[in-house]
Amino acid sequence: MTGIDYGQRFKQAAAKPPSAFGKNIAPGTTIYGRITEIGEQPRLKFNGAPGEVQKDKQGNTVMQLFITLDTPAGLRNLYPTSRMERAIGAAMTKAGATGFDIGATLSVTYTGTDPADERARLYTAVYTPITTPDRGEG
């Protein structure tokens with residue numbers, strides 16, 4: 001018998017919101033909702049054993065960003081790639097946002113594969129900052 005608590009592992013996996021974009025999404029697919037959480041977690045190793053995390057050359061755990069959105073279909077996680085991060089950054093600039101805030105609204109659309117690299121996905125995004133009501137002070 002191993003010392004691994006598989007029951008705890010399954011409970012942790014069940015507690016995570018599903019990924020917003022799966023492997024077989026069609027171009028034009030959009031995910032949108034209110035941002036409820038942003039953070040980092042260990043990146044799972046591609047083609048690794050279940051739960052195996054990716055390590056860098058120095059043996060350190062590679063972390064990945066996640067953004068949780070409250071969508072009409074329930075909570076969904078985005079795991080931004082560099083191209084998605086660029087799309088979100090451009091959307092923030094266009095919206096005049098000074099920060100990426102919990103409570104703001106984010107919409108991300110998968111537009112297709114990058115013609116220069118068929119393994120890479122391209123995205124567009126729309127970021128709507130939190131609006132603060134005018135309190136009528138003055």
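First, a word on what this report is: a plain description of the structure on this page. (Residues numbered from 1 in each chain as written. Predicted model: local features only at pLDDT ≥ 70, side-chain atom pairs only at ≥ 80, totals over all residues. Heavy atoms only, no water.)

### Brief notes about the layout of surface pockets
A water-sized probe, rolled over the atoms, reveals where empty space remains. The space that makes up the largest pocket amounts to roughly 1700 Å³. Around the largest pocket, the lining is made up of 41 residues, and of these Arg-43, Leu-44, Phe-46, Gln-64 and Tyr-79 lie nearest the centre. Sorting the residues of the lining of the largest pocket by element identifies helix H1 (6-15), strand E1 (30-42), strand E2 (63-71), strand E3 (74-78), helix H2 (82-95), strand E4 (105-114) and strand E5 (117-128) as the ones contributing at least two each. With 5 residues, the single largest contributor to the lining of the largest pocket is E5. Classifying every residue of the lining of the largest pocket gives 18 nonpolar, 13 polar and 10 charged. (1 Å grid on protein atoms, 1.4 Å probe; cavity = no way out; pocket = protein on both sides within 12 Å on 5 of 7 lines; lining within 4 Å. Points joined across faces, edges and corners; volume = space filled by probe spheres on them. Helix = DSSP H or I, 4+ residues; strand = E, 2+ residues; numbered from the N terminus. Nonpolar A, V, L, I, M, F, W, Y, C, P; charged D, E, K, R; others polar.)

### Considering the sheet that holds E5
Pairing between the strands of a sheet comes from backbone hydrogen bonds, and it takes one of two forms, parallel or antiparallel. Read from one edge to the other, the open sheet built from 5 strands follows the order E3-E2-E1-E4-E5, with strand pairing classed as antiparallel. Single-partner strands in this sheet number two, and they are E3 and E5. Neighbouring strand axes in the sheet, compared pairwise and without regard to direction, differ in orientation by 40° on average. Of the strand pairs in this sheet, E4 and E5 are connected by 9 bridges, and their pairing is antiparallel. Residue pairing across strands places Asp-114 opposite Asp-117, the latter belonging to E5. Docked against the sheet, H2 engages E2, E3, E4 and E5, running at close to 25° with respect to E5. (Pairing = 2+ DSSP bridges. Axes fitted to C-alpha atoms, helices over the stretch in contact; angles between N-to-C directions. Contact = heavy atoms within 4.5 Å.)

### Some details on the environment of Ile-38
Looking at the element boundaries, Ile-38 is found in strand E1. Of the residues examined, Ile-38 reaches a relative accessible area of 37% and is grouped as partly exposed. For Ile-38 and Phe-66, which are 28 residues apart along the polypeptide, the C-alpha to C-alpha distance reads 5.7 Å. Excluding residues that lie within four positions of it along the chain, Ile-38 makes contacts with Leu-65, Phe-66, Ile-67, Phe-100 and Ile-102. (Buried < 20%, exposed > 50% of the residue type's maximum accessible area, 1.4 Å probe, protein only.)

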